[in-house]
Amino acid sequence: MEFPKELKYAKSHEWLRDEDGVVEVGLTDFAQDQLGDIVFVNLPEPGDEVTAGESFADVESVKAVSDVYSPVSGVVEEVNEAVLDAPETVNAQPYDAWLIRVKNVSGEEDLLDADAYEAFCEAGGEA
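Description of the structure in this document. (Residues numbered from 1 in each chain as written. Predicted model: local features only at pLDDT ≥ 70, side-chain atom pairs only at ≥ 80, totals over all residues. Heavy atoms only, no water.)

What follows deals with the pattern of salt bridges. Oppositely charged side chains are able to pair whenever their charged atoms sit close together. Inspection of every chain in the model, using the stated rule, returns five salt bridges. In this structure, Glu24 engages Arg17 in a salt bridge whose closest nitrogen and oxygen atoms are separated by 2.8 Å. Pair check on accessibility: Glu24 and Arg17 agree, each one buried. Glu78 is the partner of Arg101 in a salt bridge, and the nearest nitrogen-oxygen pair spans 2.9 Å. Of this pair, Arg101 sits in strand β9 (residues 100–106) while Glu78 sits in strand β8 (residues 73–79), and the two are 23 residues apart along the sequence. (Salt bridge = Lys/Arg side-chain N within 4 Å of Asp/Glu carboxyl O. Buried < 20%, exposed > 50% of the residue type's maximum accessible area, 1.4 Å probe, protein only. Helix = DSSP H or I, 4+ residues; strand = E, 2+ residues; numbered from the N terminus.)

Here you go:
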């Protein structure tokens, strides 16, 4: 299981990558492993607001439909159309298959670094 050092993580199993003030949000390797094969992704629209700790999307896997929670608050700048067309990329490349890009970001205080997130997952990954 991968835990890239340059990312930040939420206990709800989303990752965050800061790209010059705009953050990419995606599902972690741990999350996609727990979900199984992802077959459908439902994302918000650009311009929608997201709130830290609240659901902004859902993913359907062969096991269940699961909510995806925003690790930060802000405004959706862009959605990853490629993931909508090929949701299985979240399983194959979880750290390249971002779901949304968010601008006007706040609420990053509760995020974990890679070492803390890895320890959280090893302890069972339950918030």
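On to the environment of Ser106. Tracing the chain through its elements places Ser106 in strand β9. Sequence spacing of Ser106 and Pro71 is 35 residues, and the spatial spacing of their C-alpha atoms is 9.5 Å. Sequence-distant contacts of Ser106, defined by excluding residues within four places in its chain, comprise Val72 and Ser73. (Contact = heavy atoms within 4.5 Å.)

With respect to topology, six strands assemble into an open sheet ordered β1-β2-β3-β9-β8-β5, the strand pairing being antiparallel. The sheet is open, and its two borders are formed by β1 (8–9) and β5 (49–50), each paired with just one other strand. In this sheet, strand β3 (residues 22–27) lies alongside strand β2 (residues 14–19) in antiparallel orientation, the contact comprising six bridges. Residue pairing for β3: Asp18 is matched across the bridge by Val23. (Pairing = 2+ DSSP bridges.)

Below, the discussion takes up unusual backbone geometry. Most peptide bonds take the trans configuration, and most residues that are not glycine carry a negative phi. At Asp20, a position not held by glycine, the phi torsion is positive, near 55 degrees. Secondary-structure assignment places Asp20 in the loop between β2 and β3. For Asn104, which is not glycine, the phi torsion reads 55 degrees and is therefore positive. Counting through the fold element by element, Asn104 comes out in strand β9. When its relative accessible area of 57% is taken as the criterion, Asn104 is described as exposed.

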